[in-house]
Amino acid sequence: MPDTLRRTFRSLNDIERLIACTNLNQRETAMHEVPSIPLEFDAYSEPEMRQRALTFFNMMKKRHSTRDFADQPVPLAVIRHCLETAGRAPSGANQQPWHFVVVTDPDVKHQIRLAAEEEERAFYTERASEEWLNALTPLGTDADKSFIDRAGCLIVVFAQVYGLDADGNRVKHYYVQESVGIATGFLIAALHNAGLACLTHTPSPMNFLAKILNRPANERAFLNLVVGYPAADAQVPSHATVKKSFDEFVTIV
Ligand SMILES: Cc1cc2nc3c(=O)[nH]c(=O)nc-3n(C[C@H](O)[C@H](O)[C@H](O)COP(=O)(O)O)c2cc1C
């Protein structure tokens, strides 16, 4: 068969496949029709998009974990908006497998500090591998968690490893760690944007958090976000300011 004819047949085949595929998509769309609403979406010109992306980056690049907090309460209305932002995160099957406990009560904070320090002492002296301790050395962290008492509040993030239906039956949750991680990222960005500093604190193990905060059996502590105003002389370890360059962490194909 001459080449031109073969090419024509091939493109006819392609068209046929495309038609079959379109029909299938239409059928699939019809099969999966669900109640929906129009997407509310703010569109910008490309220069505006660039400016917004840059403005956001310039704001976020000033974010740093702090371990030096001012002894000052935080406005709960601000915390509330930040949590509302976290609650808008995407999640596997929209199951929203998270729960956030805001702790401002000084006695409860202190209880958490003491329990955390107990775990941390065991971590630094017995549990942590040499490699892990070496990785932490440039940050200068130790078992002292007195910042938990000082910071305005704690937001303890729980992951709901499974859900419960109205009859109390277990409902499987999908992509729990990913979903809770994304929601926590939203929260950290929202807090920074609002003018509050925070520290991602992950004592290991941290099941004492569910006990102290009386959380149900389907929830596991994910992390403890220590939130507040930074102390006037707050420091950032130089090590934490060394970030990978764009080309090191991005590949564009
Ligand atoms: C999952 C996770 C766990 C962390 N656990 C702790 C922790 O237990 N104690 C601590 O002091 N910092 C902890 N950090 C903070 C990191 O040390 C910090 O994010 C890192 O040094 C980079 O600094 P930066 O947040 O200022 O960019 C944790 C951060 C993440 C993301």
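Structure shown above.
**Looking at the overall build of the chain**
Consideration 1: The helix and strand inventory of the chain stands at ten helices and six strands.
Consideration 2: Counting only residues that meet the buried cut, the chain has 21% of its 253 residues in that class.
Consideration 3: Considering only residue pairs separated by 6 or more positions, the chain has 82% of its internal contacts joining residues 24 or more positions apart.

**Some remarks on the site of the ligand**
Consideration 1: All residues in the neighbourhood of the ligand are listed as His 64, Ser 65, Arg 67, Leu 139, Thr 141, Leu 199, Thr 200, His 201, Thr 202, Val 236 and Ala 240.
Consideration 2: Counting residues per element, the shell around the ligand draws most heavily on strand β5 (residues 197–201), which supplies three residues.
Consideration 3: Across the shell around the ligand, the residue classes tally to four nonpolar, six polar and one charged.

**Some remarks on the sheet that holds strand β6 (residues 219–228)**
Consideration 1: Ordered in space as β1-β2-β6-β5, the four strands form an open sheet in which the pairing is antiparallel. Both outer strands of the open sheet, β1 (98–103) and β5, are each paired with one neighbouring strand and no more. Between one strand axis and the next, the sheet turns by 25° as a mean value, whatever way the strands run.
Consideration 2: Pairing of strand β2 (residues 153–160) with β6, which is carried by eight bridges, proceeds in the antiparallel orientation. The partner of Val 157 across the bridge, within β6, is Leu 223.

**Notes on the nonpolar core**
Consideration 1: If you look at the biggest cluster of nonpolar residues, it comprises 35 residues, and the most contacted ones within it are Leu 154, Val 157, Cys 198, Leu 225 and Val 227.
Consideration 2: Mapped by element, the contributors of at least two residues to this core are α3 (76–86), β1, α4 (106–127), β2, α7 (176–194), β5 and β6.
Consideration 3: Here the element with the most residues in this core is β2; it accounts for seven residues.
Consideration 4: With near-sequence residues (within four places) excluded, Cys 198 lies in contact with Ile 188, Leu 191, Leu 225, Val 226 and Val 227.

**Observations regarding the packing of α3 against α7**
Consideration 1: The interhelical angle for the contact between α3 and α7, taken along N-to-C directions, is 145°, at an axis separation of 8 Å. Where α3 crosses over α7, the two elements pack in a sense that is right-handed. On the side of α3, the interface is formed by Val 78, Cys 82, Leu 83, Thr 85 and Ala 86, while α7 contributes Ala 183, Phe 186, Leu 187, Ala 190, Leu 191 and Ala 194.
Consideration 2: Its residues assigned to classes, the contact of α3 with α7 shows ten nonpolar, one polar and no charged.

**Focus: α4**
Consideration 1: For α4, built from 22 residues, the straight-helix expectation of 32 Å at 1.5 Å per residue is met to within 8% by its first-to-last C-alpha distance of 29 Å.
Consideration 2: Among the residues of α4, those classed as buried are Ile 112, Arg 113, Ala 116 and Glu 120. What you see down the axis of α4 is that its buried residues fit within an arc of 105°, all on one side. Seen from the buried face of α4, the exposed residues on the opposite side, beyond 90 degrees, are Asp 107, His 110, Thr 125 and Glu 126.
Consideration 3: Considering only its buried residues, α4 is in contact with β1, α6 (147–150), β2 and α8 (208–212).

**Some remarks on unusual backbone geometry**
Consideration 1: For the bond running from Ser 204 to Pro 205, omega is -5°, close enough to zero to count as cis.
Consideration 2: By the element assignment, Pro 205 lies in the loop between β5 and α8.
Consideration 3: Even without being glycine, Asn 94 reaches a positive phi, approximately 55°.
Consideration 4: By the secondary structure assignment, Asn 94 is in the loop between α3 and β1.
Consideration 5: Of the residues examined, Asn 94 has 7 C-beta atoms within 10 Å and is grouped as exposed.
Consideration 6: We note that Asn 214 has phi near 55°; this positive angle belongs to a residue other than glycine.
Consideration 7: Tracing the backbone shows Asn 214 in the loop between α8 and β6.

**Regarding the environment of Leu 114**
Consideration 1: Relative to the helices and strands, Leu 114 is located in helix α4.
Consideration 2: For the pair Leu 114 and Asp 144, spaced 30 residues apart in the sequence, the C-alpha separation amounts to 9.6 Å.

**Things to note about the environment of Val 226**
Consideration 1: Following the sequence through the fold, Val 226 ends up in strand β6.
Consideration 2: Here Val 226 falls in the buried class, since 29 other C-beta atoms lie within 10 Å of it.
Consideration 3: When the C-alpha atoms of Val 226 and Ala 151 are compared, they prove to be 6.6 Å apart, with 75 residues separating the residues in sequence.
Consideration 4: Discounting residues that sit within four places of it in the chain, Val 226 has contacts with Phe 147, Ile 148, Ala 151, Leu 154, Cys 198, Leu 199 and His 201.

Cut-offs used in this document
Residues numbered from 1 in each chain as written. Predicted model: local features only at pLDDT ≥ 70, side-chain atom pairs only at ≥ 80, totals over all residues. Helix = DSSP H or I, 4+ residues; strand = E, 2+ residues; numbered from the N terminus. Buried ≥ 20, exposed ≤ 12 C-beta atoms within 10 Å, placed from the backbone. Contact = placed C-beta atoms within 7 Å. Near = placed C-beta within 6 Å. Nonpolar A, V, L, I, M, F, W, Y, C, P; charged D, E, K, R; others polar. Pairing = 2+ DSSP bridges. Axes fitted to C-alpha atoms, helices over the stretch in contact; angles between N-to-C directions. Core = buried A, V, L, I, M, F, W, Y, C linked by C-beta atoms within 7 Å. Left-handed = near helix turned anticlockwise from the far one by under 90°. Expected span 1.5 Å × (residues − 1). Arc of directions from axis to C-beta.

What is shown is where atoms sit, not what they do.
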